[in-house]
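In case you want the letters, here they are:
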Protein chains: 4
Amino acid sequence: MPKTPAPPLGDAAATPPARQRRKAERPQELLDAALAQFVSKGLAATRMDDVARQAGVSKGTLYLYYPSKDELFKAVVRNSVVTVLTEGSDIVDRFEGPTSELLHTLMHTWWSRIGASKASGIFKLVVADVGNMPELAQFYLDEVIVPTHQLLGRAVERGVARGEFRAFDVTAVVQSLMASAQFLMLYPYCVGSLPDHPFPLDAETFMKTQMELLLHGLEVPRGHA
Amino acid sequence: MPKTPAPPLGDAAATPPARQRRKAERPQELLDAALAQFVSKGLAATRMDDVARQAGVSKGTLYLYYPSKDELFKAVVRNSVVTVLTEGSDIVDRFEGPTSELLHTLMHTWWSRIGASKASGIFKLVVADVGNMPELAQFYLDEVIVPTHQLLGRAVERGVARGEFRAFDVTAVVQSLMASAQFLMLYPYCVGSLPDHPFPLDAETFMKTQMELLLHGLEVPRGHA
Amino acid sequence: MPKTPAPPLGDAAATPPARQRRKAERPQELLDAALAQFVSKGLAATRMDDVARQAGVSKGTLYLYYPSKDELFKAVVRNSVVTVLTEGSDIVDRFEGPTSELLHTLMHTWWSRIGASKASGIFKLVVADVGNMPELAQFYLDEVIVPTHQLLGRAVERGVARGEFRAFDVTAVVQSLMASAQFLMLYPYCVGSLPDHPFPLDAETFMKTQMELLLHGLEVPRGHA
Amino acid sequence: MPKTPAPPLGDAAATPPARQRRKAERPQELLDAALAQFVSKGLAATRMDDVARQAGVSKGTLYLYYPSKDELFKAVVRNSVVTVLTEGSDIVDRFEGPTSELLHTLMHTWWSRIGASKASGIFKLVVADVGNMPELAQFYLDEVIVPTHQLLGRAVERGVARGEFRAFDVTAVVQSLMASAQFLMLYPYCVGSLPDHPFPLDAETFMKTQMELLLHGLEVPRGHA
DNA sequence: CATGAATGAGTGTTCATTCAT
DNA sequence: CATGAATGAACACTCATTCAT
C-alpha cells in the first residue's frame, strides 16, 4: 500500500508533517482555549488546568508555551485585538463616499470582528484586571487605545475636511464612539447575563441609533439656506 | 405620671457608651474599607484580612458583620448605589425648567455622588464578577439598572411631552446616557490608570460634549421656518 | 407597702430569693445543656455558643462558671456518673435474696439511671476524647471504672460465698457485665443512629438474655446429684 | 507470528518507573498514615497536615488522592474492615469440626486481623463521629454490621443444626459476641490508655473466658441422663 | 454578676508552578 | 517535547477565649 507520497520539493513548508503542523498550531489553540475560559469565568477564577483541558493538552504543555498565567493572559489580549486594527486602517485609507457611511462601515466591521465575538470579553478582562497588572495597562494603551483613537480620528477629520461635519472636538467624537462600543461589549456581562431581562439589546439597532444621534449632532445643517 | 427624669442638657442618652457607638458605626466603616479594597484590587485579589486591617479591626470582627466575602461584596454594592437613585428620582419629580437642563442636573448629580467617588469602581467589579455570581446579576438589574432606566426614561419623556424633544426611542436615548456614564466610570481603570496617558479625560467637559451632541440630535429644530 | 417578709430564722437556706436560687441552679443548668450538646454532636463539634444558647445564657456567663471547654466537659462527666454509684453500693449492701436477682436489680437500676438516659452518651464521649485528655482517663478510671468493678465484684463474690455461683474469675464476670452495658450504651451511636436498621435492640430483652447466658454459665449445677 | 520480543530475565516491565510505582502505592501509604493519626488523635483533632507529613508527602498530594477529610476517613474505614469479612466467611464455609471450635477460630482470626491491630481504633472513630456523618452510619451498617451478623449467625446456626447448641435466639448470641469484641476494641481507649491501671486485660484470656461462659450457657447438657 | 463584641490562632482546601520521567 | 504527580504558599472561614461595659 503506497505510503503518503513525499511532498514535492519546495512545497514542504506548505504542508508540514502532522506532528509539526500540530506544534505550529498549538499556540493558537492554547490562546483560543484561554480566551474562552478567561471570558467566561474571569481571570482569577480560571484555572490553568481548565485552559489545558479545553485545549486538549496537559498543564505542563501549557507552561511550555507560556511561562505564567499572566503571560498567557497578555498573549490572549495581544492575539485578539491587534490584528483587527490594521484592517480598519485600510478601510479608512481606501474609502470613497460620504464619511457617515465610512463610520457605519467601521462600526459594522468592528462589530463583526470584535464586538460579536468572544474577543469582546477581553475588554471586560482588561477592565477587571488591569489594576493588578501595570504593564497590561501600558500595553493596552499603546496597542489598542491609541491606534483606535487614530483610526477613528482620521475618519472624523476626513468628514470635517470634506465639509460633511461641523468642526467639532475630534477627541470628543471618538470617545462618543468608543463609549458606544464599550457599552455593547459590556452589555452581555451586565444585565445581558440574565436569561430574561427587560432591556434586550439588539446591537445593530443600537449602533444605528447611536450613530444617527451622533451624526445628527455632527453634520452640517443642510438645505435651509 | 413619673417619667424617667430628663437627662441633663447635652443629652447623655444620645451618646451611648463607646462600645455601642462603635458597633453602630462598624458596618459603614467596614463597607467603606471593603469598597476601597475591592475597587483597588478587584474582588478575587482582595483578602478579607486586607479589608479588616483597613477598617482597623480583626478578621473575626469582619465576619461578625458579614457572613462571607460574597455577602460583603453585595452589601458594598447595595450601600453604594441604591441610596443615590431615590435622590435622582426626587429631582425629576420637582424639576422646573427646560428638560435639557434637567438632564444636565441629573448628570452632574450622578457625577458628584457616584462617578467621581470610589463608588464608580463598583461598576468595574460588577462587570468583572457578575459572571460568577448569578444572584448579583439579578440584584444589579433590579436595584440599579431598572431604576436608572425608569429615572432617565421619565426625564426624556418629560422633554417629549413638553415639546422640547423630538419623539425618539426613549430606550435608545437612555442607553446613550448610560453608555456615557459607563465610559466615565471605567476610564480610570482603563487608560486612566496610567500616570501619563495621551487622552486626559476631563469629566465635566466630556459630559458637556456628550450632552451637547445628544441634545442636538434630540431637540426639535427651532426657529428656521 | 410591706416588703417581702424576712424569712424566719433557720429557714433562709430553704427558700432563697429568686435570684439566688437562679444562681444556685445555674451550674446544673449549664451542665445539662452541655451534656445534651456534647452527646448529640460530639465534643469537638460542639461550640461553647451552642451550650450557652441552650442554657439560655450568654457565652461570657458560661465562662464564669467553667474556665474552659475541657473543664466543662470534665464537670459534665463528673456530674453524670458519680452519684449513681453510691446508690448501687447501697443496693448490694442491703439486698436479701438470691444473687441472680441482685444482679438483675443492679442491671435494671443502672439502665434506668444511666443506660436509658442521656448520660449513656458520656461513655461515647470518654471513649472518643480520652486520648487527648490524659487527666480524664485517670479521673474516669478512679471515679467510674474502679467503683463499678468493686460494686459488681462484691455482688459476684456474694453469689460465690452463698454457694449460688461456681468459683469463677470475678474480674471476668464483671467484665462480661460491663461489656453488655457498654454495648447497650454505644448501640444508639452505632447502628442505632439510623432510622431503620435491621437489628432493633430492645434493651430489656437484651439484658435479660445476656444475664441468662451469664448465669447459666455461672450457676452451680443443681439437682442432678 | 512475530511477538514482541520477550523481555530479558527479571522482567523489566514488571518494575515500573519509580514515579509510577510510587503512585500505585500512595493510596495505601496515605490510608495507613491516616489510620494511625485518626486513631491516636481522633478525627477532629487530626490535621490533614499531620496525615500528609506522616505519609511523607505534602498536603497537596493528600488532596490529590482524597478530595476531603471526610472522604479520607471513609476510605480508611473501608480499607481496614471490609477485606477481613470475606476471610471470615470462608472460614465458616469450610470449617469441619465442632462449632465451639469454629467460634474460637473466628474470634482469634478477628483478633489477629482487627482487634490487635490499629484497625480496632476505627470502631472508636465510628462511634465518636457517626453522629455528624449520616452516610457513614449507613455505610458502616451495610458494610460491617450486617455482614458480621450474617457471618456469626451462620456459625451459631450451624451449631444448632448439628445438635451442639440449644435452640437459642441467634441474634442474642451474636450480640453477645459483638459485645465482647467491642469491649476489647475500646479497652485501650478507656482504662487501657493509662500506663498503670488495675485491670490489665489479656485479650486471649478475656476471649477464652467469655467464650467459655457463652458456650456453657449455650451447649446442650450432655451425658448426665 | 452578666453580657456579647472583639480577637487571632488554627485548619481545610485550592491552585499556580515545578520537574522527574 | 509532553506529561501529570508533587509541591507549598495562600486564603476563606471558625471558634475558644477575653474583657470593656
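From a predicted model like this one, the values you see are computed outputs, not experimental measurements.

A few points about the overall build of chain A
Scanning chain A for helices and strands turns up 9 helices and 0 strands. Tracing chain A from N to C terminus, the helices and strands come up as α-α-α-α-α-α-α-α-α. A burial count over chain A gives 50% of its 225 residues as buried. On chain A, roughly 11200 Å² of surface is accessible, and the fraction owed to carbon and sulfur atoms is 55%.

Quick notes on the interface of chain A and chain B
Tallying the contact residues gives 48 residues for chain A and 49 residues for chain B. Buried area between chain A and chain B, summed over both chains or domains, comes out near 4100 Å², and the portion from carbon and sulfur atoms is 71%. Taken together, chain A and chain B are joined by 7 residue pairs in polar contact (both at pLDDT 80 or more). Going through the elements one at a time, α6 (120-129), α7 (134-161), α8 (170-186) and α9 (203-218) of chain A are the ones with two or more residues in the side of chain A that touches chain B. In terms of residues, the side of chain A that touches chain B owes the most to one element, α9 of chain A, which gives 9 residues. Class assignment for the residues of the side of chain A that touches chain B results in 31 nonpolar, 13 polar and 4 charged.

Topic: the relation of the copies chain A and chain B
Of the two same-sequence chains, chain A is brought onto chain B (RMSD 0.2 Å, axial shift 0.0 Å) by a rotation of 179°. Seen this way, the second copy is the image of the first under a two-fold rotation axis. Of all interface residues in chain A, 100% are interface residues in chain B too; the two copies therefore contact each other through one and the same surface.

Notes on the side chain of Arg26 of chain C
Residue and element names in this part refer to chain C. Among the structural elements, Arg26 can be located in helix α1 (residues 18-41). There is no salt bridge for the buried Arg26, and the closest opposite charge comes from Glu29, which lies 4.0 Å off by N-O distance. The contacts of Arg26, once residues within four sequence positions are left out, are Val57, Thr61 and Tyr65.

Here's the deal with the UniProt feature "domain: HTH tetR-type" (unreviewed entry) in chain A
Per the UniProt annotation, the sites labelled "domain: HTH tetR-type" (unreviewed entry) are residues 24-84 of chain A. As annotated, residues 24-84 of chain A comprises 80% helix and 0% strand, and the C-alpha atoms at either end are separated by 22 Å.

What to know about the domain arrangement of chain A
Residue and element names in this part refer to chain A. On domain assignment, one finds that chain A holds domain 1 (20-67) and domain 2 (73-218). Using C-alpha coordinates to define each centre, domain 1 is positioned 27 Å away from domain 2. The interface is formed by 10 residues belonging to domain 1 together with 14 residues belonging to domain 2. Summing the contributions of domain 1 and of domain 2, the shared interface buries around 970 Å²; its carbon and sulfur component is 75%. It is Leu35, Val39 and Leu43 that lose the most area in domain 1 upon contact with domain 2, and together they represent 55% of the buried surface on that side. Taken together, the connections running from domain 1 to domain 2 amount to 0 salt bridges. Counting the contacts that link domain 1 with domain 2 gives 2 residue pairs in polar contact (both at pLDDT 80 or more). Tallied by class, residues from the side of domain 1 that touches domain 2 come to 8 nonpolar, 2 polar and no charged.

Details of the nonpolar core
Formed by 161 residues in total, the largest nonpolar core has its most connected members in Leu72 of chain A together with Leu72 of chain B. Met48, Phe139 and Leu177 of chain C together with Val174 of chain D belong to the second-largest nonpolar core, a separate cluster that totals 158 residues.

Notes on the UniProt feature "DNA-binding region" (unreviewed entry) in chain A
As recorded in UniProt, the feature "DNA-binding region" (unreviewed entry) lies at residues 47-66 of chain A. Regarding residues 47-66 of chain A, the helix share stands at 75% and the strand share at 0%, and the terminal C-alpha atoms are separated by 14 Å.

Structural notes on the packing of aromatic side chains
Here the structure, examined in full by the defined rule, presents 16 aromatic pairs over all chains. Centre to centre, the rings of Phe183 of chain B and Phe206 of chain B are 5.2 Å apart; their planes meet at 25°, and the pair counts as stacked. Placement of Phe183 of chain B in helix α8 (residues 170-186) and of Phe206 of chain B in helix α9 (residues 203-218) is noted, with a sequence separation of 23 residues between them. Assigned by exposure class, Phe183 of chain B and Phe206 of chain B land together as buried. Geometrically, the ring pair formed by Phe38 of chain D and Phe73 of chain D is edge-to-face, given 5.7 Å between the ring centres and 85° between the ring planes. You can see Phe38 of chain D sitting in helix α1 (residues 18-41) and its partner Phe73 of chain D sitting in helix α4 (residues 69-94), a full 35 residues away along the chain. Here Phe38 of chain D matches Phe73 of chain D in class, with each residue buried. Taken together through their ring pairs, the aromatic side chains of Phe183, Tyr187 and Phe206 of chain A make up a single cluster. Between the NZ or CZ atom of Arg78 of chain B and the centre of the ring of Phe139 of chain B, over which it lies, the distance is 5.1 Å.

Definitions and limits used
Within any chain, residue numbers begin from 1 and follow the written order of that chain's sequence. Each chain gets a letter, beginning with A, and each ligand a number, beginning with 1, in the order they are written. For this predicted model, a pLDDT threshold of at least 70 governs which residues receive local features, and a threshold of 80 or more governs which side-chain atom pairs are given and counted, while totals over whole chains, interfaces and linings are taken from all residues. Water and hydrogen atoms were dropped before computing side-chain values, which therefore reflect all heavy atoms in the structure. Segments assigned H or I by DSSP are reported as helices when at least four residues long, segments assigned E as strands when at least two residues long, and all are numbered from the N terminus. For each residue, the accessible area found with a 1.4 Å probe, counting protein chains only, is set against the maximum for its type, and the residue is called buried under 20%, exposed over 50%, and partly exposed in between. Under the convention used here, a 1.4 Å probe and the Shrake-Rupley method define accessible areas, while residue burial counts only the protein chains that appear. The contact criterion used throughout is that any non-hydrogen atoms of two residues lie within 4.5 Å. When two parts are put together, the accessible area they lose, computed with a 1.4 Å probe and summed over both, is reported as buried area. Whenever a nitrogen or oxygen atom comes within 3.5 Å of another N or O atom, the pair is scored as a polar contact, on the condition that within protein one atom can donate a hydrogen and the other can accept it, and that pairs from neighbouring residues in sequence are kept only if both atoms are in side chains. Residue polarity is assigned by list, with Asp, Glu, Lys and Arg as charged and Ala, Val, Leu, Ile, Met, Phe, Trp, Tyr, Cys and Pro as nonpolar; anything else, Gly included, falls into the polar class. The copies were overlaid by least squares, fitting only the C-alpha atoms of residues that reach a pLDDT of 70 or more in each copy. Neither His nor the chain ends is counted toward charge; the positive residues are Lys and Arg and the negative residues Asp and Glu. Definition used for salt bridges: Asp or Glu carboxyl oxygen within 4 Å of a side-chain nitrogen of Lys or Arg. UniProt positions are given in the numbering used here, feature names are shortened, and annotations may be inferred rather than shown by experiment. Residue ranges assigned to the domains are those given by an automatic or database domain assignment. Residue types Ala, Val, Leu, Ile, Met, Phe, Trp, Tyr and Cys, when buried and joined through side-chain atoms within 4.5 Å, form a set referred to as a nonpolar core. Under the pairing criterion, centres of Phe, Tyr and Trp rings, with the six-membered ring standing for Trp, must be within 6.5 Å; the plane angle then separates stacked pairs below 30 degrees from edge-to-face pairs above 60, leaving the rest tilted. Put simply, a charge is over a ring when the Lys NZ or the Arg CZ is close to the ring centre, within 6 Å, and near the line of the ring normal, within 35 degrees.

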